[in-house]
Amino acid sequence: VAAPKDFEELEQMLVFASAYNKPIAIRYPRGSQSDEIKFDKHKKIEQGKVEVIQQNSDAKLTIIAIGKMVARAVQVSNILKEKGIETDIINTRFLNFENDKKVLESIEKTKNVVTIEDGINEGGLGSNVQNYIFNNGLKGVNIKIFGYPKKFIEHGMVNQLEKEYGLDKDSIANKIQDNLNEKITSGS
């Protein structure tokens, strides 16, 4: 299962899928690509390979996102940067991504991971990242998963639903900052 961060990546995924000799699903997100965030670089699509959007030696948080939520990750990162919190951002592109040295290094460095997806939490990207952390024997990693709960989501405007379920940029940034502050003040 693949999900593009923007229209250009969607085109690349369609080309990739046409040459891929196995079943593949490309998730078309509801809504459109971000008008606020424009990606000027697009790494070639390879099966299971991630794309590092932002890497920072002083990062205190690794944000892992998929699909249109990669733009949301950049928005959240920009808000956190104003508050003195540096981040790494990783676009998994695929729901099941391969064991990647850059992902491992980022998580080991920050020990704080956030996943952002516009699907349900259970069995989604967040679950896969939890398994990734466990399977790589990483200890002491704090993880927060942002996605929809496993329940019927009523129809509505995308921005209204995202706000209601805490998936808008301000809600995510505030929750992250609260969690990081709690971790710092508790000494864990």
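One can find the structure itself at the top, above this paragraph.
Peer 1: I tried to follow the packing of aromatic side chains on my own but got confused; where do I start?
Peer 2: Here the structure, examined in full by the defined rule, presents four aromatic pairs. Arranged with centres 5.2 Å apart and planes meeting at 25°, the rings of Phe-16 and Tyr-20 form a pair that is stacked. Exposure remark for Tyr-20: the relative accessible area of 23% places this residue in the partly exposed category. Their ring planes at 45° and their centres at 5.2 Å tell us that Phe-97 and Tyr-132 sit as a pair that is tilted. Of this pair, Phe-97 sits in the loop between β3 (87-91) and α3 (101-110) while Tyr-132 sits in helix α4 (residues 125-135); the two residues are 35 residues apart in sequence, bridging distant segments of the chain. When sorted by exposure, Phe-97 lands in the same class as Tyr-132, which is buried. An aromatic cluster is defined as three or more aromatic residues linked by ring pairs; in this entry it consists of Phe-16, Tyr-20 and Phe-94. The ring centre of Phe-39 lies 4.9 Å from the NZ or CZ of Lys-5, which sits over that ring.

Peer 1: What exactly am I supposed to notice about the sheet that holds β3 here?
Peer 2: Strand pairs in the sheet, formed through backbone hydrogen bonds, run parallel or antiparallel to each other. In space, the five strands of this open sheet follow the order β1-β3-β2-β4-β5, with mixed pairing throughout. The open sheet has two edge strands with one neighbour each: β1 (51-54) and β5 (142-148). Strand-to-strand twist of the sheet, defined as the mean angle between neighbouring strand axes without regard to direction, takes the value 20°. As judged from the four bridges shared by strand β2 (residues 61-65) and strand β4 (residues 112-120), these two strands associate in the parallel manner. Residue Ala-65 lies in a different strand from β4, and its bridge partner there is Ile-116. Running at roughly 160° to β2, helix α2 (residues 69-82) makes contact with β1, β2, β3 and β4 of the sheet. Packed onto the sheet, α3 meets β1, β2, β3 and β4 and runs at close to 140° relative to β2.

Thresholds, definitions, all that
- For every chain, the first residue of the written sequence is number 1, and numbering continues from 1 onward in sequence order.
- Restriction of local features to residues with pLDDT of at least 70 applies here, the model being predicted, together with a cutoff of 80 or more for giving and counting side-chain atom pairs; totals for whole chains, interfaces and linings are based on all residues.
- Each side-chain value is worked out from all heavy atoms of the structure, with water and hydrogens disregarded.
- Ring pairs are drawn from Phe, Tyr and Trp, using the six-membered ring of Trp, whenever the two centres fall within 6.5 Å, and their geometry is named by plane angle: stacked under 30 degrees, edge-to-face over 60, tilted for the rest.
- Relative accessibility thresholds used throughout: buried, under 20% of the residue-type maximum; exposed, over 50%; partly exposed, between the two (1.4 Å probe, protein chains only).
- Helix and strand definitions here come from DSSP, where helices need a minimum of 4 consecutive H or I residues and strands a minimum of 2 consecutive E residues; each element is numbered from the N-terminal end.
- Any Lys NZ or Arg CZ that is within 6 Å of a ring centre and within 35 degrees of that ring's normal is treated as a charge sitting over the ring.
- By definition, two strands form a pair when at least two bridges between them are found by DSSP.
- Comment: axis = line fitted to C-alpha atoms, over the contacting stretch for helices; angle = value between 0 and 180 degrees taken between N-to-C directions.
- Two residues form a contact once any of their heavy atoms are found within 4.5 Å.

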